[in-house]
Amino acid sequence: MPLGLRLWLLLWIAGCAEQALIVPESDWQTVPTAQRAAIDRQYEADLAAARAELTAATASLAELPKPPAFVK
């Protein structure tokens, strides 16, 4: 796949994904308060787990041996 097409596809997906994550406030308010709180708690827990996983993966990558320098 050509680089230009890949870049366009990536930008298109990123643009659509941003819009897909937003729930209008009027729609969100129709959900009972207790249920919204439970959803928010689950979201926060998932977000914390993802951040911890990212931190662990970054640390794991930092521990990998460095490749030898390439000299011309």
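Residues numbered from 1 in each chain as written. Predicted model: local features only at pLDDT ≥ 70, side-chain atom pairs only at ≥ 80, totals over all residues. Heavy atoms only, no water.

Visitor: Please give an account of the overall build of the protein that cites residues and values.
Guide: The number of helices and strands found in the protein is three helices and zero strands. Counting helices and strands in the order they occur from the N terminus, the protein gives α-α-α. In the structure as shown, the protein presents an accessible area of about 6700 Å², 68% of it carried by carbon and sulfur atoms. (Helix = DSSP H or I, 4+ residues; strand = E, 2+ residues; numbered from the N terminus. Areas by Shrake-Rupley, 256 points an atom, 1.4 Å probe, with all protein chains shown as cover.)

Visitor: Residue-level account of the side chain of Arg-36, with values.
Guide: When you line up the elements, Arg-36 lands in helix α3 (residues 33-63). Summary of buried charges: Arg-36 has no salt-bridge partner, and the nearest side chain of opposite charge, Asp-40, is 6.1 Å away. For Arg-36, the residues in contact, after removing those within four places along its chain, are Trp-28, Gln-29 and Val-31. (Buried < 20%, exposed > 50% of the residue type's maximum accessible area, 1.4 Å probe, protein only. Lys, Arg positive; Asp, Glu negative; His and termini not counted. Salt bridge = Lys/Arg side-chain N within 4 Å of Asp/Glu carboxyl O. Contact = heavy atoms within 4.5 Å.)

Visitor: Quick one: what's the story with a nonpolar patch on the surface, residue by residue and with numbers?
Guide: Judged by side-chain polarity, Leu-5, Trp-8, Leu-9 and Ile-13 come together as a nonpolar surface patch covering roughly 380 Å² of accessible area. Here Ile-13 is to be found in helix α1 (residues 3-20). (Patch = residues over 30% accessible without salt bridge, like charges linked within 9 Å, V, L, I, M, F, W, Y side chains within 5 Å.)

Visitor: So what's going on with the confidence of the model for the protein? Residues and values would help.
Guide: Of the residues in the protein, 86% have a pLDDT of 70 or more, and the chain-wide mean is 82. Across the protein, α3 holds the top mean pLDDT of 92, while α1 sits lowest at 67. (pLDDT = per-residue confidence, 0-100.)

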